[in-house]
Each structure stands twice: as C-alpha cells, then as structure tokens.
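Architecture at a glance
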Amino acid sequence: MSMQISFDNSFARLTGGFYARQDPVPVREPKLVAYNSDLARVLGLPEKELPEFAEIFAGNRVPDGAEPLAQLYSGHQFGQYNPQLGDGRAILLGEVVGEDGIRRDIQLKGSGRTAFSRMGDGRAWLGPVLREYVVSEAMHALGIPTTRALAAVETGEVVLRDGMLPGAVLTRVAKSHLRVGSFQVYAARGETENLKILTQYAIDRHYPEAEGPMGLLRAVRDAQSRLIPAWMAVGFIHGVMNTDNASIAGETIDYGPCAFMDVYHPNTVFSSIDQMGRYAYANQPDIAVWNLAQLATALIQQMEDREAAVEEATEIVHAMPELMRQEWLRRFAAKLGISDVREEDAALVADLLTRMAHQQADFTNTFRSLGTDKARDQFTDPGAFDQWSDGWKARLECEPDPEALARASNPAFIPRNHRVEQMIEAAVKGDYAPFHRLNSVLSNPYDDQPDHSDLRRVPTPEEVVPATFCGT
Ligand code: AMP
Ligand code: MG
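1. Structural notes on the overall build of the chain
Across its full length, the chain carries 16 helices and 12 strands. Residues classed as buried in the chain amount to 59% of the 472 residues present. Partitioning the intrachain contacts of the chain with sequence separation of at least 6 by distance along the chain shows that 71% fall at a separation of at least 24. As displayed, the chain offers around 19,400 Å² of accessible surface, 50% of which is attributable to carbon and sulfur atoms. Here the chain carries 46 positive and 65 negative side-chain charges, and the mean point of each set is 3 Å from the other.

Here's what the structure looks like:
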C-alpha cells in the first residue's frame, strides 16, 4: 500500500502573486522520528507508519496532488513594519478536507530555501521542531485552538546555529496559514485587487457567515478574543506575537520561544530576543488588540467609503478589550469552580493572583490543588493563601459542583519548560523516550496520572530555563 493524500488546493488556485511555487529541497538521509496517528485519522491518512513517510515528510518525495508553494506575507515584528517576510523555511504542500469536514493546510517547516528566505538557510534544527511538536499537541489536548504536528523527520544533515546541530523538518497542520501579515502586504503595496481576493478567500474558508471586510474583522476579533484568554488561563506565553504570527483562523501559530510559566508573575518573559518585555505574559491581551488594529488598517484599504469604514473598524477594535476581559473572567472563575460568574469575581481572581505573584506560587500547581491541603503549600507564606481562601469558600456555597468544574479547568500537566529542554537534550543524543513520554502524558492533561507525578514538579534551581530561543 502506498500513501494517497486527497489534496484539494484552494490557495494554489488563487491567481495574482499570493505565493511562489517552490518544491522542498531534498535532504541527505531522512529518518521519521514522530508520527501523529491521532491527527492522521482526522485527515484521512494512514494511521500506521509507512516506509515512504520519511521521504514524504522530509520533502524528498512530493506526494501526488501536492502543489508545493511558499506564501507571501509581511508584518510588524516587535512593532516595526517589515515589508516582506513570507515562508522563508516553510512550504505548503496543499490542503486536505478532513473527516470532520474541515479544510486544513499541510505544511513542511524547515524544508529548504524559498523566494522569501532572505538571509536564512531555510532549515530548522531538531530542538525547535520537537518543541513545537510537543507544545502544539499539548495545547490541542488542553482544548486550545492551535496548529498541530503531524510528523517530525531528522534530515541527517547539520544546520549551523550556535554550533552544528541536527537538522529536522516538522509537518504542521493548520486551519490555514493566513495571518494578519498576509493582508498587510497587499494593503502596504496598494494592491487593492489582491486584498479583495484574499479577503473573500478568508471569509469563504473560515467565516462564511461574515459580511464583507468589516465582517471578517469582527470574526477575527471574536476568535482572537477567545484564544488569548485561553492562553492566559494555562499560563502560556507565546513569545513572538508579531502580526505575521497572528492567525486569521484564531489558532495559536508559530511556536518559537514560547513557554509555560512555572512561578506566577505577570511580567514573565522567556524569549531571549524580547528585551523590552513587549510580549510578556500580562501584555498579551493588549498586543492582540494592537495586532487587530493592524488588520483593520489593512482591510480598510479596499473600502469604497473610507470614512465610514474607519468608524466601523474603530468600533470593532475598541470592543475587543472588554470581550477579552469577559472571557478571561469566565475562564478564571471556572478555575476557581465558579460557573455562575458575577462581576465581583474579578476581584477575587485578582486578589489570588496578586498573592501568588508575591508568594512565588507555581501557577499550574496552585490552581490544580485548590480545595486540597496542598494549595497553601505553594505559597512561601501559606497564611497569605488562607486569608484569601475563606472568602473563596464562602463564594462557592451556591455553586452546584465547583470541584468538577475546577478539575476540568485546571490541568495537572503542562509542558514545563525544563522538561521540554531535557526532552530535546535527550533526542539530540538519539534518545526519544522522554519525547514519547511527554507526548503521551500531555495528551490527557486533566488526568492525575500518578505514575508521572514527577512531570508536575516545579524545576529545581538548576533545572530552571531562564530564556528560550527563536526557532531559527
Ligand atoms: P518566525 O520568527 O518563525 O515567525 O519567522 C519570521 C520570518 O523569518 C519568516 O518570514 C520566516 O520564514 C523567516 N525565517 C525564520 N527562520 C528562517 C530560516 N532559517 N531560513 C529562512 N527564513 C527564516
Ligand atoms: Mg512566523
């Protein structure tokens, strides 16, 4: 049996310079190191690994029906507009409509140079490939919209970064790879016709009920307003919320220097390149609004009546902070076991978070252990927790089943940064056991899994990973 993929490539059918046709550049000695049977099933692909997978997911063999291409986009990086980015190390093989009726992109990342590579080598090393694999699949299991990982291949080649490192290719699956930056590039160039075509394409593909560019803006706002509070509720820090990394479909995309917080602090930053803390944990909602404003600015360029469009877009963007605040409150109230949310619950949540920040409480373990004796042990001064806890318990009196709600809202397992780093170190030495173990445990993050309680442990001082680095 050989692999058949039923590609149906709607993006490749767009005409007008949205992409550059580009085959992946073959690698020397491809070796399949991970394959996601669960996702394969959704896509209608074989669940069992086939001998040709290494060649296919390395880009050495282009499957029938694929129309490989690199997408054009631009974007604001750390607030500065970069007029041309685009897929510099990624290639869209094509699209597949899954068994659930959802159309998805299948993309190779690390598959060689393209027309948009600029100074880059078009490659990725094993570390970021496995980080994205584990973290994106963990996000999926946590119930958070995200791109997913279908396969990882070692290339048998080395890439030059801070030394010679093993090369790898990730196969990424996404509802689409349209970003805010995909629209910015045509707006900035004054290519109004392309802007219109892409707007209609995005509406048809993601939000068929949306009317016109402002309808699309509203739909993206709503999707992003659900996404960012979901990150906040699990202590996730994306790390590079540039407009080229903001998905139109509302998925978490481009896992670079991302990480989950251990000890709670709102100013936490991991990314080594985020010197100013622009993308710190607590800044993420503000940045999402800023990014939506950039999408608004781009979409407006195609409107006949600019003045009316500016007014409508302003109203749409200005409503976003309150939408996110409500979703944030709903999620954090649920973490406390509260389903019938009241406005004053915001103060209860904020009070706990402030105490956690002062008392260096672990974000995940504190929430997961609420209602048990272990919660107060997370605080350097347990009395600080007790003071808060009395008011919380009183608040729960009229809740039907706070324990069940809290358990379903507070994961036991997150991909802790030191475990991700240890997993990468082992894989570089050829030991994939930690990778498989992490994937397996993180696929059920709300189950206690007592045999794996070491993965819930906070890092020792020696294990703490102070900074993470970009996927480049
Ligand atoms: P990212 O930081 O992953 O969002 O990437 C930002 C831009 O840099 C995108 O246009 C990427 O395609 C490009 N890029 C990142 N790494 C490489 C690389 N190794 N080779 C070529 N282009 C790259
Ligand atoms: Mg990117």
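Now that the structure has been shown, the text picks up again.
2. Quick notes on the pairing of strand 7 (residues 103-109)
Judged by how many residues are buried, strand 7 sits mostly within the fold: six of seven residues are covered. Linking two consecutive strands that pair antiparallel, namely strand 6 (residues 90-97) and strand 7, is a turn of five residues; a positive phi of about 80° is found at Gly101 within it.

3. What about the nonpolar core?
Among the nonpolar cores identified, the biggest contains 90 residues, and Phe183, Ile248 and Leu336 are the most heavily contacted of them. With 13 residues, the single largest contributor to this core is helix 6 (residues 212-234). Lining this core are residues from two domains, each supplying at least three of them: domain 1 (11-174) and domain 2 (329-409). Counting 28 residues, the second largest nonpolar core, distinct from the first, contains Ala34, Val129, Ala152 and Ala427.

4. What to know about helix 13 (residues 382-395)
Between its first and last C-alpha, helix 13 extends 20 Å over 14 residues, near the 20 Å set by a 1.5 Å rise per residue. Maximum bend of helix 13: about 30°, positioned at Ser389. Among all positions of helix 13, only Ala384, Phe385, Trp388, Ser389, Trp392 and Arg395 are buried. As for helix 13, its buried residues are in contact with helix 10 (345-358) and helix 12 (374-377).

5. Examining the coordination of the magnesium ion (ligand 2)
At the metal site, the magnesium ion (ligand 2) is ligated by Asn245 (OD1) and Asp254 (OD), and these contacts range over 2.0 to 2.1 Å. In this pair, the class of Asn245 matches that of Asp254, namely buried.

6. Quick word on helix 7 (residues 284-300)
The terminal C-alpha atoms of helix 7 lie 24 Å apart, and with 17 residues this matches the ideal 24 Å at 1.5 Å per residue to within 8%. Within helix 7, 12 of the 17 residues are buried, which leaves it mostly tucked inside the rest of the structure. Three or more residues of helix 7 are buried, namely Gln284, Ile287, Ala288, Val289, Asn291, Leu292, Gln294, Leu295, Ala296, Ala298, Leu299 and Ile300.

7. Quick look at unusual backbone geometry
Of note, Asp254 is a non-glycine position whose phi angle comes to about 65°, a positive value. The topology assignment puts Asp254 in the loop between strand 11 (236-237) and strand 12 (259-260). Under the relative-accessibility criterion, Asp254 is labelled buried at 15%. In this structure, Gln360 is a non-glycine residue whose phi angle is positive, near 50°. Residue placement: Gln360 occurs in the loop between helix 10 and helix 11 (363-369).

8. Remarks on the packing of helix 6 against helix 8 (residues 306-318)
The contact between helix 6 and helix 8 brings their axes to 10 Å, and the two run at 10°. Between helix 6 and helix 8, the angle is such that the two are roughly parallel. Between helix 6 and helix 8, the contacting residues are Met214, Leu217, Arg218 and Arg221 on the first element and Ala309, Glu312, Ala313, Glu315 and Ile316 on the second. Taken together, the residues of the contact of helix 6 with helix 8 sort by class into five nonpolar, no polar and four charged.

9. A closer look at the pattern of salt bridges
Taken as a whole and judged by the stated rule, the model has 36 salt bridges. For Arg179, the salt bridge is made with Asp254, and the minimal N-O distance between the two is 3.4 Å. Here Arg179, found in the loop between strand 10 (164-174) and helix 4 (180-189), pairs with Asp254, found in the loop between strand 11 and strand 12; they are 75 residues apart in sequence, far enough to count as distant. Ionic contacts of the salt-bridge type, sharing partners, join the residues Asp8, Arg13, Glu95, Arg103, Asp105 and Arg205 into one network.

10. Regarding the domain arrangement of the chain
Under the domain assignment, the chain is made up of domain 1 (11-174) and domain 2 (329-409). A separation of 40 Å is found between the C-alpha centroids of domain 1 and domain 2.

11. Comments concerning the packing of aromatic side chains
Counted by the stated rule, this structure contains 23 aromatic pairs. Taking 5.0 Å as the distance between ring centres and 45° as the angle between the ring planes, the aromatic pair formed by Phe78 and Tyr279 counts as tilted. In this pair, Phe78 is assigned in the loop between strand 4 (75-77) and strand 5 (80-82) and Tyr279 in the loop between strand 12 and helix 7, connecting sequence segments 201 residues apart. Ring geometry for Trp388 and Trp392: centres 5.4 Å apart, planes at 15°, overall stacked. Here Trp388 pairs with Trp392, and both are found in helix 13, just four residues apart, close to one helical turn. Looking at Lys335, its charged tip hangs above the ring of Phe367, at a distance of 4.6 Å from the centre. Taking NZ or CZ as reference, Arg456 lies 5.9 Å from the ring centre of Phe413, over its face.

Scoring rules and cut-offs
Residues numbered from 1 in each chain as written. Chains lettered and ligands numbered in written order. Predicted model: local features only at pLDDT ≥ 70, side-chain atom pairs only at ≥ 80, totals over all residues. Heavy atoms only, no water. Helix = DSSP H or I, 4+ residues; strand = E, 2+ residues; numbered from the N terminus. Buried < 20%, exposed > 50% of the residue type's maximum accessible area, 1.4 Å probe, protein only. Contact = heavy atoms within 4.5 Å. Areas by Shrake-Rupley, 256 points an atom, 1.4 Å probe, with all protein chains shown as cover. Lys, Arg positive; Asp, Glu negative; His and termini not counted. Charge placed at Lys NZ, Arg CZ, Asp CG, Glu CD. Pairing = 2+ DSSP bridges. Core = buried A, V, L, I, M, F, W, Y, C linked by side-chain atoms within 4.5 Å. Domains from an automatic or database assignment. Expected span 1.5 Å × (residues − 1). Bend = angle between axes of the 7 residues up to and from the residue. Donors = N, O, S within 2.8 Å, 3.2 Å for Na, K, Ca; no water. Axes fitted to C-alpha atoms, helices over the stretch in contact; angles between N-to-C directions. Parallel < 35°, antiparallel > 145°, perpendicular 65-115°, else oblique. Nonpolar A, V, L, I, M, F, W, Y, C, P; charged D, E, K, R; others polar. Salt bridge = Lys/Arg side-chain N within 4 Å of Asp/Glu carboxyl O. Phe/Tyr/Trp six-rings, centres within 6.5 Å; stacked < 30°, edge-to-face > 60°. Lys NZ or Arg CZ within 6 Å of the ring centre and 35° of its normal.

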